[in-house]
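Listed below, chain by chain, are the residues.
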Amino acid sequence: MSFTLGKRIMIIGSGGSGKSTLARRLGEILALPVIHLDKEFWQPGWIATPKEEWYEKQKNLISKPEWIADGNFGGSLEIRLEKADTVIFLDFNRFVCMRSVIKRWLTNIGKTRPDMTDGCPEKIDFEFLKWVWQFPLKSRPDIVEKVAKYENPELIVIKNRKKLKQFIKEIIPA
């Protein structure tokens, strides 16, 4: 793999692909602040931030010179694409993502993950599972189209966990 990581990194991909885990790991390795978009978007009790407020909040979060932001939020993807210098797309198989989502749920039942807002305990429902399953057909094409419009960010596509481990090894300073 040949790549250059910038200081404003977006991590996108299906639910269960490992966006938040990668963001935390890269934050540690590169000493960059991490923005978990789910944590910023959801209010306690799984209440969504209103659209206009959410857009302004994102603009403020990414106005800083350095960050790693994990999450899709397709309706506002362009806000981050305009500022990002690196996009990492975890383009994993739906079966891998479904297994990870179910494992994450079983591991965190009744708990709030560190990348989620307090008051939003781990949950799983049919709509979320459907979104993960349909991601390759419904969400992925839109994301690919939006990312393709921006020449500025370096695009790194990682197709599986083995390639992800290789990627992480390559960026760890010797």
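Described in the following lines is the structure provided in the data block. Bear in mind the structure is a predicted one, so any value in this text is a computation, not a measurement.

### Considering helix α1 (residues 19–30)
Reasoning step 1: Taking 1.5 Å per residue, 12 residues should reach 16 Å; α1 reaches 16 Å between its end C-alpha atoms and fits that length.
Reasoning step 2: Every buried residue of α1 is listed here: Lys19, Ser20, Leu22, Ala23, Leu26, Gly27 and Ile29.
Reasoning step 3: Just downstream of α1 lies Ala31, where phi reads positive at about 55°.

### Quick look at the packing of helix α5 (residues 94–108) against helix α6 (residues 126–148)
Reasoning step 1: Their axes nearest at 9 Å, the elements α5 and α6 cross at an angle of 160°. Looking at the two axes, α5 sits roughly antiparallel to α6. Regarding α5 and α6, the two cross each other, and that crossing is right-handed. Residue-level contacts link Arg94, Phe95, Cys97, Met98, Val101 and Arg104 of α5 to Phe128, Leu129, Val132, Trp133, Pro136 and Leu137 of α6.

### Re the sheet that holds strand β5 (residues 67–70)
Reasoning step 1: Reading across the sheet, the five strands line up as β2-β5-β1-β6-β7 and stay open at both edges, with parallel pairing between neighbours. Two strands in the sheet have a free side with no partner beyond their single neighbour: β2 (34–36) and β7 (154–158). Averaged over all pairs of adjacent strands, the angle between their axes in this sheet comes to 15°, without regard to strand direction.
Reasoning step 2: Judged from the four bridges that link them, strand β1 (residues 8–13) and β5 form a sheet pairing that is parallel. Residue pairing in the sheet places Met10 in a bridge with Ala69 of β5.

The rules behind these values
Residues numbered from 1 in each chain as written. Predicted model: local features only at pLDDT ≥ 70, side-chain atom pairs only at ≥ 80, totals over all residues. Heavy atoms only, no water. Helix = DSSP H or I, 4+ residues; strand = E, 2+ residues; numbered from the N terminus. Expected span 1.5 Å × (residues − 1). Buried < 20%, exposed > 50% of the residue type's maximum accessible area, 1.4 Å probe, protein only. Axes fitted to C-alpha atoms, helices over the stretch in contact; angles between N-to-C directions. Parallel < 35°, antiparallel > 145°, perpendicular 65-115°, else oblique. Left-handed = near helix turned anticlockwise from the far one by under 90°. Contact = heavy atoms within 4.5 Å. Pairing = 2+ DSSP bridges.

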